[in-house]
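A closer look at the structure
Below are the chains, spelled out letter by letter.
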Amino acid sequence: TESAMKASANLSYEGIVSSDGRSLMPYQVEGVKFIERANARMILGDQQGLGKTVQICALLKLHPELLPAVIEVKTTISEQWRHEIIRWCGTKGYLTQVIKSGKEFAAPGFNIYVITYDLAKNEKMWEYVKDDIKTLVIDECQVIKDHTSERAKAASRIAKFPNVEHVIPMSGTTIENNAGEYFTVLNLVKPKMFPVYNRFIEDECDSYNNGWGYKVGGLKNPEGFALKTKDFILRRTKDEVLKDLPPKTRVFQHVEMDGKVKRRYNELLKELEDVLYNDKMDGMAAGAAKIAIMSKMRHITGISKV
C-alpha cells in the first residue's frame, strides 16, 4: 500500500504565488492535497480551463523531492510548460530542459525535462538520467489511449525507470464511447490493480456487436468503477467549482509553431509588413489585403494550437 505524501513543512499552500501575483484557487489547493494523498500517483482529469498545469507546478514547488521529473507534452505546448514552471516555481531548483530534437539527450543536472511524446520514444534519450528520474507527468494523456502504440510503450518504459515512484497522467477530455481507452493510464498508475488489457475489458467494459464484430463500449458499472478509483482519479467540472472561479479568466498561452507552419507564418508576416508600409497602395485595396493576410495568419495559429 502506498503511503500518502506529507504536506510540505517549508511552504504552505497559501505561500504558492506566481511571479505575476496569482495565488492558488481553493479548488486547486484541494487538487494538490488530493495528489499528495494519492502519493502523486493518480489521474488528474479536471475539465479544461481549471488549471491542471498550475496544480502540477504547485505540487513540484511544495515537494522538490519529486524531482527530477519528466513531463510529456504535445509539441505545440512545450514552451508553455516552461513558462508556467518559471512563473510558479521560479528557476532556482527548477532548471528545465525543453527537448526539441531527436539529436538531444536528457542532460544530467536539470530538474525538469519537458519532452514531446514522439521524442520520448528514443530510449537512448535517457541514457544519462534514467536512474535519477522520480516523477512522470503525462499532459493530454488521451494521446496514449491506444496501449499498443509506440507512444504508450514509451511512457510505460519511463514509468518503469528504477526510481520513478510518481506518475500523473492529465487530461481534460473525457472518455465516453470506448472505456477500453482508460486502460493505458490506469495500468501506468495502478499496474497491480489493472495489469492486463483483456482482463480489464472483460471485468470493466461493455461490448457490443456492430455488425462487423464486437466493439468495446462504455463501463459496465460506472458507479462501481468510480468507487473503486475514487482515491486516485480526480475529475471536476467548471460547474462544480463555480464558486471559486472569478467572473472571467483570460489565459495567454505560448504556442510553439513548427516546421512548415512556422515558415508559412513568417512569409505572411512579411507580406503584411509590405502592405502596411506600401505608400503607393490604394487605401481600400490595402485594407482588403491586410484582412486577407491576417485571416490566413489566424488560420495558421489555429492549426498550431491543435
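Going by the structure above, here's the rest.
Residues numbered from 1 in each chain as written. Predicted model: local features only at pLDDT ≥ 70, side-chain atom pairs only at ≥ 80, totals over all residues. Heavy atoms only, no water.

Section: the overall build of the chain
When you go through the chain residue by residue, the secondary structure sums to nine helices and nine strands. A separation threshold of at least 6 residues defines the contact pool for the chain, and within that pool the share at least 24 residues apart is 66%. (Helix = DSSP H or I, 4+ residues; strand = E, 2+ residues; numbered from the N terminus. Contact = heavy atoms within 4.5 Å.)

Points about the sheet that holds strand β4 (residues 112-116)
Pairing is parallel across the open sheet formed by five strands, whose spatial order is β3-β4-β2-β5-β6. With one partner strand each, in any of the chains shown, β3 (96-99) and β6 (166-169) form the two edges of the open sheet. Strand-to-strand twist of the sheet, defined as the mean angle between neighbouring strand axes without regard to direction, takes the value 15 degrees. Examined bridge by bridge, strand β2 (residues 69-73) and strand β5 (residues 135-138) share four bridges and lie parallel to one another. Opposite E72, over in β5, you have I138 as the bridge partner. (Pairing = 2+ DSSP bridges. Axes fitted to C-alpha atoms, helices over the stretch in contact; angles between N-to-C directions.)

Looking at the packing of aromatic side chains
As enumerated under the stated definition, the model contains eight aromatic pairs in all. Taken together, Y182, F183, F194, Y197, F200 and F225 form an aromatic cluster joined through their ring pairs. Above the plane of the ring of F232 lies K190, whose end atom (NZ or CZ) is 5.3 Å from the centre. (Phe/Tyr/Trp six-rings, centres within 6.5 Å; stacked < 30°, edge-to-face > 60°. Lys NZ or Arg CZ within 6 Å of the ring centre and 35° of its normal.)

As for the environment of Q28
Mapped onto the fold, Q28 is located in helix α1 (residues 26-37). The spatial distance from the C-alpha of Q28 to the C-alpha of Y13 is 9.6 Å, given a sequence separation of 15 residues.

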